[in-house]
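The chain contents come next:
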Amino acid sequence: MDARSDGAGTRRPALSRRMLLGAAALTVAASGTAHAAVNPPSVKGTSPDTGTSGSTGTSSAQRRAHTFLAAAMDAYPDHGTLRLTQSYTDQAGLFSTAFTYDNALAILAHLAVRTEAGRARAVALGDALLYAQAHDPAYDDGRLRQAYNVGPYVFFDGVTQPDGFVRADGTANVGTQFGFTGTAVGDMAWAGIALSALARRTGRRRFLDGAVRIGTWIEANARTEQPLGGYKFGVDGANAKLPFSSTEHNTDLVCLFGRLALLTGDPVWRQRRARARAFVEKMWEPDGTTAGVSGGFFYTGTNDGVTVNRSPIPEDTQTWTHLALNSRAQHSRYSRSLDWAATELAVLDRSDRTNSTVPAGQSYEGVTFSSASLLANEDAPIAEFQPKPDRNGVWFEGTAHLALALRDRAGHGDEARAHRLIASVERAQELLGTAQTVGSRALPERAGVVSATSPLDTGFGFGYYPYRHTGATAWYLLAATRTNPLRV
């Protein structure tokens, strides 16, 4: 994320991946699962959340990462206890934006630490998502918006946004200023995954009810009978259905629908899970060559429900598929996707790289966002008002979920490779993104992971930048604690 002058004294933010969704492909959101009674009935099959295979020890790096998540959640103390976590530091230019996806990850990261304090924060964030579901200004059908405002600010045009997460009229404060008013299947699925984890951990029925409402909305609004099947992207800010389908989103649904089947006992969710999985498996490229790279990977999806979109090839469709499809065995044909990502998308960012913003003498290894990131035009800005990209910029969110997937697979050399990637993320937390703030408050030192080492062109029309980020920090914590959030 980057904020630059437009030449007229106005500061404008660079687009992030999630920001792009709001501007180009998402809609308004929601109503809700009724908030719980004081002593709600227990959830079927309640047990400790099985999404973790994790270690219980907590390193100083992990503690600082949790400190960042807490600071980003508590940045606006004068605006009530019902709140979400701000996604990026103020320097990113998105003010108090809290993306639904990032907050779902924050819930999972707080649960991964397995402390009472972490659980309390996860419950508070889960209740905020339920509030947004039940108090949307326009809809009452179970949706969540792409993002919300969680604190006051003055927008680029000089207009003040005065409210916290809850507006004066009691509605959830939807992120309208940047067009974050749509509803994407992936964002909804991650919120449902987080709520299902809370349902299992706490036994509180309200969280399961919220997850079921999310799944029901997806089935009603995104299911498609087109040749490739699966579920489409969602709706835009005008509530128009979007024509494309995402491998990433359908992968998320493999987990969400599987969890709903487990927690509710209703077999219809298993049928829906199978439908989403079938779409994902159709995106598998076993041995062909596309965009100059050999097979053993998943394509990004389809634009029309008929033809597979063969370029760019993103990183997350390689790692999330592994985590969701349970392809841990070395003999699994899908486990090759991790090797593809680790090899074909590997980058090393150094201070002497073209357009690198890494400080002198430092270097970081990891992976980039997609095959197109490696071919970015380093002589032109990523988009209007944005800086020029560094082809070797490291995407830390993806680097963390690659490390987690390698640990999950546990093949020969996987743990050593994952250890190097996690060490790179931890070094970034120590050294990058200094002097940044949330809600105008200074962050604790060395707390929070930047989204990228340098400006990074994703190849999908937006970029990532060296600002501390809730999503990247949460994925680091999931990798460090060996917590697979996509396992049923």
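Note that the structure is predicted; figures quoted are calculated from it, not measured.

Reading the values: rules and limits
- Residues numbered from 1 in each chain as written.
- Predicted model: local features only at pLDDT ≥ 70, side-chain atom pairs only at ≥ 80, totals over all residues.
- Heavy atoms only, no water.
- Helix = DSSP H or I, 4+ residues; strand = E, 2+ residues; numbered from the N terminus.
- Buried < 20%, exposed > 50% of the residue type's maximum accessible area, 1.4 Å probe, protein only.
- Contact = heavy atoms within 4.5 Å.
- Pairing = 2+ DSSP bridges.
- Core = buried A, V, L, I, M, F, W, Y, C linked by side-chain atoms within 4.5 Å.
- Axes fitted to C-alpha atoms, helices over the stretch in contact; angles between N-to-C directions.
- Parallel < 35°, antiparallel > 145°, perpendicular 65-115°, else oblique.
- Left-handed = near helix turned anticlockwise from the far one by under 90°.
- Polar contact = N/O pair within 3.5 Å; in protein donor to acceptor, adjacent residues only side chain to side chain.
- Expected span 1.5 Å × (residues − 1).
- Salt bridge = Lys/Arg side-chain N within 4 Å of Asp/Glu carboxyl O.
- Nonpolar A, V, L, I, M, F, W, Y, C, P; charged D, E, K, R; others polar.
- Phe/Tyr/Trp six-rings, centres within 6.5 Å; stacked < 30°, edge-to-face > 60°.
- Lys NZ or Arg CZ within 6 Å of the ring centre and 35° of its normal.
- pLDDT = per-residue confidence, 0-100.

Thoughts on the overall build of the protein
Next up, step 1: Helix and strand counts for the protein stand at 13 helices and 19 strands.
Next up, step 2: Within the protein, the proportion of its 488 residues that are buried is 62%.
Next up, step 3: Across the protein, the fraction of contacts at a sequence separation of at least 24, relative to all contacts at a separation of at least 6, is 73%.

Some remarks on the sheet that holds strand S9 (residues 245-246)
Strand pairing within a sheet occurs via backbone hydrogen bonds; the two strands may be parallel or antiparallel.
Next up, step 1: Pairing is antiparallel across the open sheet formed by 3 strands, whose spatial order is S9-S12-S13. Because the sheet does not close on itself, it has two edges, and the strands there are S9 and strand S13 (308-309).
Next up, step 2: When S9 meets strand S12 (residues 301-302), the two strands line up antiparallel, connected through 2 bridges. When the bridges of S12 are listed, Ser-246 appears paired with Gly-301.

Description of the nonpolar core
Next up, step 1: If you look at the biggest cluster of nonpolar residues, it comprises 115 residues, and the most contacted ones within it are Trp-190, Ile-218 and Trp-475.
Next up, step 2: With 11 residues, helix H5 (residues 185-202) is the largest single contributor of residues to this core.
Next up, step 3: Ignoring sequence-local partners within four residues, the contact set of Ile-218 consists of Val-185, Met-188, Ala-189, Arg-223, Tyr-231, Leu-253, Leu-256 and Phe-257.
Next up, step 4: Counting 19 residues, the second-largest nonpolar core is a separate cluster that includes Tyr-153, Phe-155, Trp-395 and Tyr-465.

Digging into the packing of helix H12 (residues 414-431) against helix H13 (residues 470-480)
Next up, step 1: It is the contact of H12 with H13, at a shortest axis distance of 11 Å, that shows an interaxial angle of 140°. Considered as vectors, H12 and H13 are oriented oblique to each other. Between H12 and H13 lies a crossing of left-handed hand. The segment H12 lies against H13, with Ile-422, Val-425 and Glu-426 engaging Tyr-476, Ala-479 and Ala-480.

Some points on the side chain of Asn-149
Next up, step 1: When you line up the elements, Asn-149 lands in strand S4 (residues 147-149).
Next up, step 2: Classification of Asn-149 as buried rests on a relative accessible area of 1%.
Next up, step 3: Of note is the side chain of Asn-149, whose polar atom sits 3.2 Å from the side chain of Tyr-153.

Looking at helix H4 (residues 116-134)
Next up, step 1: Compared with an ideal rise of 1.5 Å per residue, which puts 19 residues at 27 Å, H4 spans 27 Å between its outermost C-alpha atoms and is within 8% of the ideal.
Next up, step 2: Looking only at H4, the buried set comprises Gly-118, Ala-122, Val-123, Leu-125, Gly-126, Asp-127, Ala-128, Leu-129, Leu-130, Tyr-131, Ala-132 and Gln-133.
Next up, step 3: Against helix H2 (60-73), helix H3 (100-112), S4, H5 and helix H6 (205-222) lie the buried residues of H4.

Considering the pattern of salt bridges
Next up, step 1: One pass over the full model with this rule turns up 24 salt bridges.
Next up, step 2: In this structure, Asp-74 engages Arg-121 in a salt bridge whose closest nitrogen and oxygen atoms are separated by 2.6 Å. One end of the pair, Asp-74, is in the loop between H2 and strand S3 (97-99); the other, Arg-121, is in helix H4, and 47 residues separate them in sequence.
Next up, step 3: Residue Asp-136 pairs with Arg-145 through a salt bridge whose shortest N-O separation is 2.7 Å.
Next up, step 4: Within this structure, Glu-219, Arg-223, Glu-225, Arg-272 and Arg-275 form a network of salt bridges that share partners.

Focus: the packing of helix H7 (residues 247-264) against helix H8 (residues 268-282)
Next up, step 1: For the pair H7 and H8, the least separation of the axes is 8 Å and the interaxial angle reads 160°. Overall, the two elements H7 and H8 adopt an arrangement that is roughly antiparallel. H7 and H8 meet at a crossing whose hand is left-handed. Listed contacts from H8 to Thr-247, Asn-250, Thr-251, Leu-253, Val-254, Phe-257, Gly-258, Leu-260, Ala-261 and Thr-264 of H7 are Trp-269, Arg-270, Arg-272, Arg-273, Ala-276, Arg-277, Phe-279 and Val-280.
Next up, step 2: The residue inventory of the contact of H7 with H8, partitioned by class, reads 9 nonpolar, 5 polar and 4 charged.

A closer look at the packing of aromatic side chains
Next up, step 1: One pass over the structure, following the stated rule, counts 31 aromatic pairs.
Next up, step 2: Here the guanidinium or amino end of Arg-272 rests over the ring plane of Trp-269, the centre of that ring lying 4.6 Å away.

Focus on H3
The periodicity of an α-helix, 3.6 residues per turn, causes residues three or four places apart in sequence to face the same way.
Next up, step 1: Across its 13 residues, H3 extends 19 Å between first and last C-alpha, which sits within 8% of the 18 Å expected from 1.5 Å per residue.
Next up, step 2: Burial of H3 is extensive: 13 of the 13 residues sit out of reach of the surface.
Next up, step 3: Arg-114 sits one or two positions beyond H3 and adopts a positive phi of about 55°.

Description of the side chain of Ser-245
Next up, step 1: Relative to the helices and strands, Ser-245 is located in strand S9.
Next up, step 2: The class of Ser-245 is buried, set by a relative accessible area of 4%.
Next up, step 3: Once residues within four sequence positions are removed from consideration, Ser-245 is found in contact with Tyr-231, Lys-232, Phe-233, Phe-279, Thr-300, Gly-301 and Thr-302.

As for unusual backbone geometry
Next up, step 1: Between Ser-311 and Pro-312 the backbone carries a cis peptide bond, its omega angle lying at 0°.
Next up, step 2: In this structure, Pro-312 sits in the loop between S13 and helix H9 (316-325).
Next up, step 3: Unlike most non-glycine residues, Arg-114 shows phi in positive territory, near 55°.
Next up, step 4: Residue placement: Arg-114 occurs in the loop between H3 and H4.
Next up, step 5: With a phi angle near 60°, Ala-435 is a residue other than glycine that sits in the positive phi range.

A look at the environment of Glu-445
Next up, step 1: As for its placement among the helices and strands, Glu-445 is situated in the loop between strand S17 (441-442) and strand S18 (456-457).
Next up, step 2: Using a relative accessible area of 67% as the deciding quantity, one classes Glu-445 as exposed.
Next up, step 3: Residues Glu-445 and Thr-434 lie 11 residues apart in sequence; the distance between their C-alpha atoms is 7.8 Å.

Concerning the confidence of the model for the protein
Next up, step 1: For the protein, the average pLDDT comes to 89, and 86% of its residues sit at 70 or higher.
Next up, step 2: pLDDT under 50 marks residues 1-56. Its contacts with residues more than four places away, or in other chains, come to 220 contacts.

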